[in-house]
Amino acid sequence: MGLFDFLKVPDINQGIEEYKNNAGAVLLDVRTVEEYREGHIPNSKNVPLQNIAKVKSVVSGKDVPLYVYCYSGSRSRQAVNALKSMGYSNVNDLGGIARYSGKVVR
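Everything numeric here is computed off the predicted structure, so don't read it as measured data.

Enquirer: How would you summarise the overall build of the protein if you had to cite specific residues and measurements?
Expert: The number of helices and strands found in the protein is three helices and four strands. N-terminal to C-terminal, the α/β element order of the protein is α-β-α-β-β-α-β. For 106 residues, the compact-globule estimate of 2.2 N^0.38 gives 13 Å, and the C-alpha radius of gyration of the protein, at 13 Å, lies within 12% of that figure. Across the 106 residues of the protein, 41% fall into the buried class.

Written out as structure tokens, the structure is:
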């Protein structure tokens, strides 16, 4: 890990393509219910960061590939750390929907 690696921002558009090509993967939106209703990436599941322990209601196992996003990348980073500490082994931080250029469902 280099000195400035912490400045790297995940590329959500590249991450969504990876998610789409990963059969059985789950796309998690960790924003609030209100933010999710305002617009979200198609097929994403909303599990707000403050309720991340309830992720088991949308994920069938701890080895299921998870792709996590929020608005700016801060909450997704926190959620990824929480999910890993809960034993989820295949967790990917996509960063924030603010940088997403694809279709959004409202």
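Enquirer: Give a detailed account of the sheet that holds strand β3 (residues 66-70), specifying residues and quantitative values.
Expert: Consider a sheet: its strands pair through backbone hydrogen bonds, and that pairing is either parallel or antiparallel. Judged by pairing direction, the sheet is parallel, and its four strands sit side by side in the order β2-β1-β3-β4 without closing on themselves. On the outer flanks of this sheet lie β2 (45-46) and β4 (91-96), each paired with one strand and no other. Bridging between β3 and β4 involves five bridges; their strand directions are parallel. Looking at β4, one finds that Tyr 69 is bridged to Gly 95. Relative to β4, helix α1 (residues 12-20) is tilted by about 140°, and along the sheet it contacts β1 (26-29), β3 and β4.

Enquirer: So, the pattern of salt bridges: which residues are in play, and what are the values?
Expert: Going through the model one piece at a time under the given rule, you end up with three salt bridges. Residues Glu 17 and Lys 20 are paired through a salt bridge, measuring 3.7 Å at the closest nitrogen-oxygen approach. You can see Glu 17 and its partner Lys 20 sitting in helix α1, three residues apart, about one turn around the helix. Since its relative accessible area comes to 42%, Glu 17 is described here as partly exposed. With a shortest N-O distance of 2.7 Å, Arg 75 and Glu 35 are connected by a salt bridge. Here Arg 75 is found in helix α3 (residues 74-85), whereas its partner Glu 35 is found in helix α2 (residues 33-38), with 40 residues between them in sequence.

Enquirer: Could you give me a rundown of the nonpolar core, with the residues and numbers involved?
Expert: As a rule of thumb, nonpolar side chains are buried together in soluble globular proteins. Grouped together as the largest cluster of nonpolar side chains are 18 residues, with contacts concentrated most on Leu 28, Leu 66, Val 68 and Leu 83. Of all the secondary-structure elements, those providing two or more residues to this core are β1, β3 and α3. Ranked by residue count, the leading element in this core is α3, at four residues. Setting aside residues up to four positions removed in sequence, Val 68 forms contacts with Leu 28, Val 30, Ser 76, Ala 79, Val 80, Leu 83, Val 91, Asn 92, Asp 93, Leu 94 and Gly 95. Residues Ile 16, Leu 27, Tyr 67 and Tyr 100 belong to the second largest nonpolar core, which totals 11 residues.

Here is what the cut-offs are and how they apply
- Residues numbered from 1 in each chain as written.
- Predicted model: local features only at pLDDT ≥ 70, side-chain atom pairs only at ≥ 80, totals over all residues.
- Heavy atoms only, no water.
- Helix = DSSP H or I, 4+ residues; strand = E, 2+ residues; numbered from the N terminus.
- Rg over C-alpha atoms; globule rule 2.2 N^0.38 Å.
- Buried < 20%, exposed > 50% of the residue type's maximum accessible area, 1.4 Å probe, protein only.
- Pairing = 2+ DSSP bridges.
- Contact = heavy atoms within 4.5 Å.
- Axes fitted to C-alpha atoms, helices over the stretch in contact; angles between N-to-C directions.
- Salt bridge = Lys/Arg side-chain N within 4 Å of Asp/Glu carboxyl O.
- Core = buried A, V, L, I, M, F, W, Y, C linked by side-chain atoms within 4.5 Å.

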